[in-house]
Amino acid sequence: MYDILISAMAYDRGKSGISVYMNQVIKHMSAKHRLHIIILAEDYEIFPVKNANTEFIVFPESLRKPLFNMLWHLFVLPFRLKFSKYDFIWLPAANRRAFFRHCGTTVSTVHDLSQYHVKNKYDAFRTFYIKKILPYCVRKSDGIVAVSESTRQDLIKYWNCDPERIFVSWNGYDRSVYCSDISCDGESIKQMLGVDKDYIMYISRIEHPGKNHLKLMQAYEKLPDDIKSRYCLVMPGKFWAGSEPVRDYAAASKDSGSFIFPGFIPNDQLPALYKTSSMYIFPSYFEGFGISLAEAMACGIPCACSNCSSLPEIGGDAVLTFDPDNIDAMADAMQRILTDDALKNDLIEKGFERLPLFDWRKHAEDVVEVYEKIKQ
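Since we're looking at a predicted model, the values are computed, not measured.

J.: Could you give an account of the nonpolar core, naming the residues involved and the relevant values?
T.: In this structure, Met29, Trp90, Ile200, Tyr274, Tyr280 and Leu293 are the most contacted members of the largest nonpolar core, which totals 96 residues. Excluding residues that lie within four positions of it along the chain, Tyr280 makes contacts with Met201, Tyr202, Ile203, Tyr274, Ser292, Leu293, Ala296, Ile301, Pro302, Cys303 and Ala304. Counting residues in hydrophobic clusters, the runner-up holds 33 residues, among them Leu91, Phe99, Ile130 and Cys137.

J.: Describe the sheet that holds strand S3 (residues 54-59), naming the residues involved and giving the relevant values.
T.: Taking strand neighbours across the sheet as the criterion, the 7 strands line up as S3-S2-S1-S4-S5-S6-S7 in an open arrangement whose pairing is parallel. Each having just a single partner strand, S3 and strand S7 (166-168) make up the two edges of the open sheet. For this sheet, the mean angle separating the axes of adjacent strands, direction not counted, is 20°.

J.: Summarise the environment of Pro302; cite the residues concerned and give the values.
T.: Locating Pro302 in the fold gives a position in the loop between helix H11 (291-298) and strand S12 (303-306). Pro302 sits 98 residues away from Ser204 along the chain, and the two C-alpha atoms are 18 Å apart. In this structure, Pro302 is in contact with Ser278, Met279, Tyr280, Ile337, Lys344, Leu347 and Ile348, ignoring residues within four places of it in sequence.

J.: Any details on the packing of helix H3 (residues 66-75) against helix H4 (residues 124-139)? Residues and values, ideally.
T.: In contact at an axis separation of 12 Å, H3 and H4 are set at 15° when each is read in the N-to-C sense. One element, H3, and the other, H4, form an angle in the roughly parallel class. Regarding H3 and H4, the two cross each other, and that crossing is left-handed. Of the residues in H4, those touching H3 at Pro66, Leu67, Met70, Leu71 and Leu74 are Phe125, Arg126, Tyr129, Ile133 and Cys137.

J.: Any chance you could break down the sheet that holds strand S8 (residues 198-201) for me, citing the residues and the numbers?
T.: If you trace the 6 strands from one edge of the open sheet to the other, you get S10-S9-S8-S11-S12-S13, paired in parallel fashion. Taken across any chain shown, the strands that pair with only one partner, and hence form the sheet edges, are strand S10 (259-260) and strand S13 (319-322). Where S8 and strand S9 (residues 231-234) come together, 4 bridges link them in parallel fashion. Bridged to Met201 within S9 is Val234. Lying on the sheet, helix H13 (residues 327-339) is in contact with S8, S9, strand S11 (279-282), S12 and S13; it crosses S13 at an angle near 160°.

The rules we used
Residues numbered from 1 in each chain as written. Predicted model: local features only at pLDDT ≥ 70, side-chain atom pairs only at ≥ 80, totals over all residues. Heavy atoms only, no water. Core = buried A, V, L, I, M, F, W, Y, C linked by side-chain atoms within 4.5 Å. Buried < 20%, exposed > 50% of the residue type's maximum accessible area, 1.4 Å probe, protein only. Contact = heavy atoms within 4.5 Å. Pairing = 2+ DSSP bridges. Helix = DSSP H or I, 4+ residues; strand = E, 2+ residues; numbered from the N terminus. Axes fitted to C-alpha atoms, helices over the stretch in contact; angles between N-to-C directions. Parallel < 35°, antiparallel > 145°, perpendicular 65-115°, else oblique. Left-handed = near helix turned anticlockwise from the far one by under 90°.

What follows is the structure in structure tokens.
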């Protein structure tokens, strides 16, 4: 049993993919190890993993503002802790929060380097922070966990990290809630969403242009009328800064009534949304992993996704892929899945076959094994 110091300062009030990652990995880690978790006060109140092996080091909400939090985490927090108390430090979101000064054995997880692939993703300061400061910090880590081979290659190319210290471990999905035999009332789900027909779904924060909602809506507009009369496009997710072009386009479209933005959906409601949907589409320009792809496969729905970053790596032969800039190709993927039962069933079956590859318990064990390898 190890004593592990963990920074959860990028927990995002539980409303991001990184918070899902922390929930799942910390849950499995805490079954075997003593965890000491750095967290903000409001995040502590909602953090779902609290047991005999979890101790929380809680800091005030005044530290939440992103700019202040970045600098405080970099330059102040490393001097506030006695690192000798812990076997190792785990930074579960090192592409967002890292230590400038490493005072103990450190394992850093990096999810993606999307800033090198999505133009104007961040403002000037955050771009400088991510491209100039974080690379220096992460390179000092004793071991680096990349959540995909795509991310590993980016770490070597853009951050000049030592390939020998990078270990790939895929994310998982929550087997306790995402499965094909979910019991749900489809009509009740549609009523909750405010729709009266079947739907295509894409779950993501509404972030423009990186998540590519605009081209997805344009692809939907190209679908034949008989398909659009039967299916709408449901896009759950919180609106982020810069999402105005997505809102404006949806409002002005001739198909505006078919674009449904239900906002952030709590995790316990997502399985029923997946299960009720007719297909899952993932048109993002860049993903370090793309957990929702595994979740959709587990719920037994056919999937299509972009042919870039980690998505084809994760989807394998269980997805149709398309160029995220090619609206016609995106529309064709949707049309093929919605009209070809043999294709749809083949994708579903192949999705089930890939599910053993996505295991949170194994990922948690891999993080600890990275520490054990670097201490040998």
